[in-house]
Amino acid sequence: MQKNILIIGACGQIGTELTLTLRKKYGNNTVIASDIREGSENLMNSGPFELVDATDFDALEEIVAYNEIDTIYLMAAMLSATAEKFPMRAWNLNMNSLFNVLNLARQKKVSKIFWPSSIAVFGPNTPKNNTPQHTIMEPSTVYGISKQSGERWCEYYHNKFGVDVRSIRYPGLISWKTMPGGGTTDYAVEIYHKALSDKAYTCFLKEDTVLPMMFMDDAIRATLELMESDAKNIKIRSAYNLAAMSFNPSELAESISSHITDFKINYAPDDRQAIADSWPSSIDDSKALEDWGWKAEFDLAKTTDEMLKNIS
Ligand code: SER
């Protein structure tokens, strides 16, 4: 039986590291990277690559057949800040790409799907601290609306058609290999680069804005652990809450200052503040522990060590 993996959106912040990790684990030629543009040299040189638009069903169907794909990771999406500027384009990309892979699974052309959800599924009426798995959601951003609708469709395709789709509500992700693009939690990556290059950073969120965050190694490990779990353990087919740490920009700056003593942070909140204000401060991820044994390894201090070491 064929066992190849397709990553759609392989050149993005998560896709790059996911592709490299899966290639290390399953072999370079087993993991087909795809995106609408080419990615980093490291990624492009590590194995096969297909240029594809995730909203083009026929093109995806052909790639799946040609490469004997069994599992798809759909990482292509327009993130929260960009989606506010281009609502219809965001809806088109985020929803149609998901329908494409769900329908490939419904037609039995692939057998397993991973699709990322986000803390953006929550909104201003959601309990802010230790946000439960099941609670009021009411997202108020274009991106959040697309992620919440996506979760509903994933659960629907699982219940109605037996599609094996699995998902995580990622917190803000901090990584050094590939920059994030167009998100609200991007400040927590930019700040490390600016700390090293300029010893100063102007933050687009207020100093006391607490958001849930996670180091990329934890996020990739969570994704693989979820995908490798026995199907009977996966009781949630919308998306699992997932957590590692919560902090605000001032606490992050302090953690950087313990390495770069003359680091200075300023605050100039912009449109992204309203997006951040609508999201939870911390997340209850006990279901992920219960169902598939999730436990985070990186706290803020460890994340700062890794970020500063690897960027410089
Ligand atoms: N990190 C994403 C963003 O800020 C949320 O999933 O848009």
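Residues numbered from 1 in each chain as written. Predicted model: local features only at pLDDT ≥ 70, side-chain atom pairs only at ≥ 80, totals over all residues. Heavy atoms only, no water.

(A) Summary view of the pairing of strand β2 (residues 31–35). Taken across its 5 residues, β2 has 5 buried, putting it largely inside the fold. Both faces of β2 are covered, namely the face carrying Val31, Ala33 and Asp35 and the face carrying Ile32 and Ser34. Of the pairings in the sheet, the one linking strand β1 (residues 4–8) to β2 comprises 4 bridges and is parallel in character. When the sheet's bridge partners are listed, Ile8 is paired in β2 with Ser34. A crossover connection joins β1 to the parallel β2 through helix α1 (residues 13–26); in handedness this β-α-β unit is right-handed. (Buried < 20%, exposed > 50% of the residue type's maximum accessible area, 1.4 Å probe, protein only. Helix = DSSP H or I, 4+ residues; strand = E, 2+ residues; numbered from the N terminus. Pairing = 2+ DSSP bridges. Right-handed = clockwise from strand over helix to strand, strands pointing away.)

(B) Broad picture of the pairing of strand β10 (residues 200–203). Of the two faces of β10, the one lined by Tyr201 and Cys203 is fully buried and the one lined by Ala200 and Thr202 carries no buried residue. Strand direction decides the pairing type here: β10 and strand β14 (residues 264–267), joined by 4 bridges, are parallel. Looking at β14, one finds that Ala200 is bridged to Lys264.

(C) Looking closely at a negative patch on the surface. Side chains of Asp53, Asp56, Asp58 and Glu62 sit close together on the surface and give a patch of like negative charge. Given a relative accessible area of 33%, Asp53 falls into the partly exposed group. (Patch = residues over 30% accessible without salt bridge, like charges linked within 9 Å, V, L, I, M, F, W, Y side chains within 5 Å. Areas by Shrake-Rupley, 256 points an atom, 1.4 Å probe, with all protein chains shown as cover. Salt bridge = Lys/Arg side-chain N within 4 Å of Asp/Glu carboxyl O. Lys, Arg positive; Asp, Glu negative; His and termini not counted. Charge placed at Lys NZ, Arg CZ, Asp CG, Glu CD.)

(D) Geometry of the sheet that holds strand β13 (residues 245–247). Taken in spatial order, the 3 strands line up as β9-β11-β13 in an open sheet, and their pairing is mixed. Because the sheet does not close on itself, it has two edges, and the strands there are β9 (172–174) and β13. Pairwise comparison of adjacent strand axes, ignoring direction, gives a mean angle of 45° for this sheet. With 3 bridges connecting them, strand β11 (residues 211–215) and β13 associate as antiparallel partners. Looking at β13, one finds that Pro212 is bridged to Ser246. (Axes fitted to C-alpha atoms, helices over the stretch in contact; angles between N-to-C directions.)

(E) Geometry of the packing of helix α5 (residues 87–106) against helix α6 (residues 142–161). In the contact formed by α5 and α6, the axes pass within 10 Å of each other and the chain directions differ by 15°. Judged by the inter-axis angle, α5 sits roughly parallel to α6. Note on packing geometry: the crossing formed by α5 with α6 is right-handed. Side by side, α5 and α6 meet where Pro87, Ala90, Trp91, Asn94, Met95, Leu98, Phe99, Leu102, Asn103 and Arg106 of the first sit next to Val142, Tyr143, Ile145, Ser146, Ser149, Gly150, Trp153, Cys154, Tyr157 and Phe161 of the second. (Parallel < 35°, antiparallel > 145°, perpendicular 65-115°, else oblique. Left-handed = near helix turned anticlockwise from the far one by under 90°. Contact = heavy atoms within 4.5 Å.)

(F) Molecular detail of the layout of surface pockets. Put simply, the largest pocket is a space of about 930 Å³. Together, 43 residues line the largest pocket, and Met75, Ala76, Ala77, Met78 and Leu79 are the ones closest to its centre. If you list the elements that add at least two residues to the lining of the largest pocket, you get α1, α5, β6 (117–118), α6 and β9. (1 Å grid on protein atoms, 1.4 Å probe; cavity = no way out; pocket = protein on both sides within 12 Å on 5 of 7 lines; lining within 4 Å. Points joined across faces, edges and corners; volume = space filled by probe spheres on them.)

(G) Representation of the packing of helix α7 (residues 187–198) against helix α12 (residues 300–311). At a closest axis distance of 10 Å, the pairing of α7 and α12 adopts a crossing angle of 50°. Here α7 is positioned oblique relative to α12, judged by the angle of their axes. For α7 against α12, the interelement crossing comes out right-handed. Contacts between α7 and α12 involve Val189, Tyr192, His193 and Leu196 from the first element and Leu300, Thr303, Thr304, Met307, Leu308 and Ile311 from the second. Of the residues in the contact of α7 with α12, the class split is 7 nonpolar, 3 polar and no charged. (Nonpolar A, V, L, I, M, F, W, Y, C, P; charged D, E, K, R; others polar.)

(H) The arrangement of unusual backbone geometry in detail. One non-glycine residue with positive phi stands out, namely Lys108, at about 65°. Structurally, the position occupied by Lys108 is in the loop between α5 and β5 (112–114). Of note in this structure, Glu138 is not a glycine but carries a positive phi near 45°. Topologically, Glu138 is positioned in the loop between β6 and α6.

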